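# Coordinate inspection notes
What follows is each chain in one-letter form.
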Amino acid sequence: MLNLKIAVVGLPGKWSTETLADAVEKKTGFRLIVDMDKVVLNLDSLELTYQGHNLCQLDAIIIKKIGHQYSPNSLDRLELLRVAENAGVKVFSQPVKILRLIDRLSCTVTLRNADIPMPATVITEEIDEAIAAVNKFGSAIFKPLYSTKARGMCVISKKDGKTKVRKNIEAFKTANPMMYIQQKAALGGRDMGLMFLGGRYLGAYARVSKNDAWNTTINSGGEYAAADPSTEIIAMASKAQDLFDMSYTTVDVAETDKGAIVFEVSAFGGFRGGKEGLNLDVAELYVDFVLTKLEQKTPYVVSI
C-alpha cells in the first residue's frame, strides 16, 4: 500500500462517499471521510481541522459531496478547502472550479457562451416576464439556482390557466428571487449521463423514467441502464465538460426531436450510474487517477 493520506469530503453513510473512501483505503490503507459541517478553519494558524485531523497536512482531498443539498453555503464550504489547497494539499476537483458549477446560472452562462446546445431558457426576476416565458414555451420547468436531483423544481404549464400560472410563479419566486425558467423538452422518459475522468470519456449511462414523473431522476423512480451515445453527442459533451476542467464529472444530455441538448455539467458527478448501468467501478478509477496525479512531478497550480 502507498503511504499517502487522502481524505474524502462527503456524506458519511452515503453509498457514493463510502464507496470512494473504500477505494482510497484499499489503495493506501488510510480512511477519512470529512463531513464539512464539522470542519473548523483557524485563520490565525491557517489550520483546517476535522475531528482532530489537520486537513492542511494531508496529501490530497477528493471532494465527493459538499453537503446534502446545493446552496450558497456550499460555496462557503469550498472556500474553506482552498486553505488546504494553498497549504499544498492537492484537491480533486479544485474548489474554485467546482464553484462555477454549483450555481446553475453560472454553469448555464458558461455553456451558452461556448455555444453548447441547451433547452430554451429565460432568467428573470420579473413575474410578468416569467408568465410570458410560460406562454411562449407552453410548459416550463422552474429550477432553483442551487439544487440537485430535481429538488425544488416544478413544472408550470400554460394550460393551467392565467390565475394558477401567476399564483404558482409567485409561490416559486418567494424562495427563488432570480427565476431560472427552462422550456420543458420531450425526452421520451430518458436522458443520459456521460462520464469524464481527467477529461477522458469513460462511458455513458441512461436514466429511464419508470412512472409518470416529468423527470428521470432516481429520486423520482427512475433507474439506470447502459447508453450508447453517438460520436457527435460524445464530442458535444466533451466540449461542455472541457470548459470547467474537472477531475471527474458527468454531463447530462438528452436527445430531442430538434437534436441533442446539454442540461448541465455536474459539480461532483455520480458513481452509481456507471456501476448499475455499465458495471463500471468509477470510484476505483478515480482513485487511480488521483494517485497518478500525486506521483507526477509537474507543479499543481492553485487557482487563486
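Residues numbered from 1 in each chain as written. Predicted model: local features only at pLDDT ≥ 70, side-chain atom pairs only at ≥ 80, totals over all residues. Heavy atoms only, no water.

Per an unreviewed UniProt entry, the protein chain goes by the name Glutathione synthase and belongs to Methyloprofundus sedimenti.

### A few points about helix 2 (residues 72–86)
With 15 residues, helix 2 should reach 21 Å at 1.5 Å per residue; the first-to-last C-alpha distance of 22 Å fits that figure. Every buried residue of helix 2 is listed here: Ser 74, Arg 77, Leu 78, Leu 81, Val 83, Ala 84 and Glu 85. For helix 2, the secondary structure elements touched by its buried residues are strand 1 (6–9), strand 3 (40–42), strand 4 (47–50), strand 6 (60–63), strand 7 (90–92) and helix 3 (95–102). (Helix = DSSP H or I, 4+ residues; strand = E, 2+ residues; numbered from the N terminus. Expected span 1.5 Å × (residues − 1). Buried < 20%, exposed > 50% of the residue type's maximum accessible area, 1.4 Å probe, protein only. Contact = heavy atoms within 4.5 Å.)

### Concerning the domain arrangement of the protein chain
Structurally, the protein chain comprises domain 1 (6–92), domain 2 (121–183) and domain 3 (187–289). One C-alpha centre belongs to domain 1, the other to domain 3; they are set 25 Å apart. At the boundary of domain 1 with domain 3, total buried surface from both sides reaches about 1300 Å², with 72% on carbon and sulfur atoms. The three residues of domain 1 that bury the most area against domain 3 are Trp 15, Lys 27 and Lys 64, which together make up 39% of that side's buried surface. Our enumeration of links across domain 1 and domain 3 arrives at three salt bridges. Here Glu 284 makes a salt bridge to Lys 27, at a shortest N to O gap of 3.6 Å. (Domains from an automatic or database assignment. Buried area = accessible area lost by both parts, 1.4 Å probe. Salt bridge = Lys/Arg side-chain N within 4 Å of Asp/Glu carboxyl O.)

### Concerning the sheet that holds strand 2 (residues 33–34)
Pairing is parallel across the open sheet formed by four strands, whose spatial order is 2-1-6-7. With one partner strand each, in any of the chains shown, strand 2 and strand 7 form the two edges of the open sheet. Relative to strand 7, strand 6 runs parallel, the two sharing three bridges. The partner of Ala 60 across the bridge, within strand 7, is Lys 90. Sheet strands touched by helix 1 (residues 15–28): strand 1, strand 2 and strand 6. Its angle to strand 1, the strand with the most contacts, is close to 175 degrees. Sheet contacts for helix 2: strand 1, strand 6 and strand 7; angle to strand 6, the most-contacted strand, approximately 160 degrees. (Pairing = 2+ DSSP bridges. Axes fitted to C-alpha atoms, helices over the stretch in contact; angles between N-to-C directions.)

### Thoughts on helix 5 (residues 127–137)
For helix 5, the complete set of buried residues consists of Ile 127, Ala 130, Ile 131, Ala 133, Val 134 and Phe 137. One face of helix 5 carries all of its buried residues, which in axial projection span an arc of 155 degrees. Turned more than 90 degrees from where helix 5 packs its buried face, Asp 128 and Lys 136 sit exposed. Residues of helix 5 that are buried sit in contact with strand 8 (121–124), strand 9 (139–143), strand 10 (154–157), helix 6 (162–175) and strand 11 (179–183). (Arc of directions from axis to C-beta.)

### Here's the deal with the side chain of Ser 266
Note that Ser 266 resides in the loop between strand 16 (259–265) and helix 8 (272–278). Given the relative accessible area of 13%, Ser 266 is considered buried. With residues near it in sequence (within four places) discarded, Ser 266 still touches Leu 101, Met 246, Thr 249 and Thr 250.

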